Amino acid sequence: MIIIMSPSATEEDINTVQEEIAAIGFRPFMNPGVERKVIAVLGELDVRKADLIDQFKAMNGVARVELISDLWKLASRSYHPSGSVVRVGDVEVGADEVVVVAGPCSVESEGQMIRLAHQIKAAGGRMLRGGAFKPRTSPYSFQGLGEEGLRILAKAREETGLPVVTEVMDTHEVDLVCEYADMLQIGTRNMQNYALLKKVGSTGHPVFLKRGLGSRIRDLLMSAEYIISEGNTNVILCERGITTFEDSTRNTTDINAIPVLKHWTHLPVMLDPSHATGHWEYVDSIAGAAVAAGADGVMIEVHNDPARALSDGPQSLTPEKFAVLTQKLKAIARAVDRNINISAQ
Ligand code: PEP
Ligand code: MN
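## Some remarks on the domain arrangement of the chain
- Looking at the assigned domains, one finds that the chain contains domain 1 (2-66) and domain 2 (86-335).
- Spacing between the C-alpha centres of domain 1 and domain 2 amounts to 36 Å.

In C-alpha cells:
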C-alpha cells in the first residue's frame, strides 16, 4: 500500500502518518528520491487492507491511498512511475545515455588493467569492470587477486576518471569492497543470497544486481526489493542469460527481460552479452539487440589477450573489437532516441 500525500501536506502531517504506520505494526518507507511525497507501508496487509485504506485516507494531508498488487513494492513502477536514474561516480544510469561498462572478467595485473582502462575509455566505455573476488565453478580455477585486485581497480579509476564496479561475494567483504569500488556487483550465483542482499542494502553504494542463472524475472525483482527495503534505492538490474536446454551458447539471452523489466520496475536495466552468450563472436549481435530493446546499458568483457585470459577468455573482446562495437552501438542507440557519448573514430 502507498500513501500519496498532497503537495500541501506539512512536515507534521507526514510525520504523523509515518508514526501511525509504525504504531499499527507496519514499516513506513519514504523514498528520498521521489518528487511526490509518497509513503510506502511495508508488511503483510492481509485482510486489514480495506480498513487501513479508510483509516489513512481520513488523515490530514493525505491525497490518495493505493494498493500495489506487485509483490515487489518499492521496485514497482506503480510506486515510482518515472524511471529511476542511478548515479555511479559521475555516470548516470537510466538517463538518455546508454552506458557501456567494460573490462576484463578478472583483474590480472596492474599493467594489464591500466592499459585496458585507457583503451576502454578511448573507445567510449563509461565505467570499468573487473573481478577481484571471483565465483568460479571449480575450486582449482583462478579465484581472483582479492584486495590487491581492488587496489588495482582504484588505480585504474584514478588514471582514467572512470568509476569501477566489482563483485562482492561475502557479507564480510562488503565494507572492504565499498572502500575501493563505486558500485558493488552481486553475481548470478548470489542473487538469492539474502544476507548479502541485506548487507549491500545497508550501504549507500550503488548495486549491480545480476539475474540468477535459474531465476525468473519476478525473483530478480524480489531480490532488488531486499536491497531497497534496507534503504538503498541505487539498484541497477542486469540480464546475463539463463540456463535452458539450449547448449549452443553458454546461457540463453532472455531479451524479453528488458521490455518486461522496463514495464514492471522503475529501476535501470542493463544486459551482459558476454556471459549471456559465452562466445565473443556473438557478443556484438546481442549487445546491439539489448540497446535496440531499450536497455540502459551493457556490460562487456574485454581482454588484451583473450587466449591467455585467466577467466572467460572465449567470451572476451579485444580492445580493437570493442572499439568497433561501441561505434555500432552508438548508431543503434540513436535509432531508439538514446545516445552513447563517443566521438566517431
Ligand atoms: C562476472 O561478471 O564476471 C560474473 C561472474 O558474472 P555472472 O555472475 O553473471 O556469472
Ligand atoms: Mn566473467
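Now that the structure is up, let's keep going.
## Some points on the packing of aromatic side chains
- For the structure on display, the rule yields two aromatic pairs.
- Centre to centre, the rings of Tyr194 and Tyr226 are 4.4 Å apart; their planes meet at 25°, and the pair counts as stacked. Here Tyr194 is found in helix H6 (residues 194-201), whereas its partner Tyr226 is found in helix H7 (residues 217-229), with 32 residues between them in sequence.
- The ring of Trp280 is capped by Lys321, whose NZ or CZ atom sits 4.3 Å from the centre of that ring.

## Topic: the environment of Gly94
- By the element assignment, Gly94 lies in the loop between strand E6 (91-93) and strand E7 (99-103).
- Since its relative accessible area comes to 22%, Gly94 is described here as partly exposed.
- Residues Gly94 and Gly83, spaced 11 residues apart in sequence, show a C-alpha to C-alpha distance of 6.8 Å.
- Among all residues touching Gly94, those that are not within four sequence positions of it are Ser84, Val85, Pro268 and Asp296.

## Some thoughts on the coordination of the manganese ion (ligand 2)
- Around the manganese ion (ligand 2), the protein contributes the donor atoms Cys105 (SG), His275 (NE2), Glu301 (OE) and Asp312 (OD), which lie 2.0 to 2.4 Å from the metal centre.
- In the primary structure, the donors to the manganese ion (ligand 2) are separated according to the pattern C-x169-H-x25-E-x10-D. Taken together, the residues span a long stretch of sequence, with Glu301 in strand E14 (residues 297-301) and Asp312 in the loop between E14 and helix H11 (319-335) at a distance of 11 residues.
- Note on Glu301: relative accessible area 1%, which makes it buried.

## Here we look at the sheet that holds strand E12 (residues 235-239)
- The strand order E7-E8-E9-E10-E11-E12-E13-E14 describes a closed barrel built from eight strands, whose pairing is parallel. Going across the sheet, the axis of each strand differs from the next one's by a mean of 25°, ignoring polarity.
- Note that strand E11 (residues 207-210) and E12 share four bridges and pair parallel. The residue bridging Val207 from the neighbouring strand is Val235, located in E12.
- Sheet strands touched by helix H3 (residues 110-122): E7 and strand E8 (127-129). Its angle to E8, the strand with the most contacts, is close to 145°.
- Along the sheet face, H6 touches strand E10 (183-186) and E11 and points at about 170° away from the line of E10.

Scoring rules and cut-offs
- Residues numbered from 1 in each chain as written.
- Chains lettered and ligands numbered in written order.
- Predicted model: local features only at pLDDT ≥ 70, side-chain atom pairs only at ≥ 80, totals over all residues.
- Heavy atoms only, no water.
- Domains from an automatic or database assignment.
- Phe/Tyr/Trp six-rings, centres within 6.5 Å; stacked < 30°, edge-to-face > 60°.
- Helix = DSSP H or I, 4+ residues; strand = E, 2+ residues; numbered from the N terminus.
- Lys NZ or Arg CZ within 6 Å of the ring centre and 35° of its normal.
- Buried < 20%, exposed > 50% of the residue type's maximum accessible area, 1.4 Å probe, protein only.
- Contact = heavy atoms within 4.5 Å.
- Donors = N, O, S within 2.8 Å, 3.2 Å for Na, K, Ca; no water.
- Pairing = 2+ DSSP bridges.
- Axes fitted to C-alpha atoms, helices over the stretch in contact; angles between N-to-C directions.

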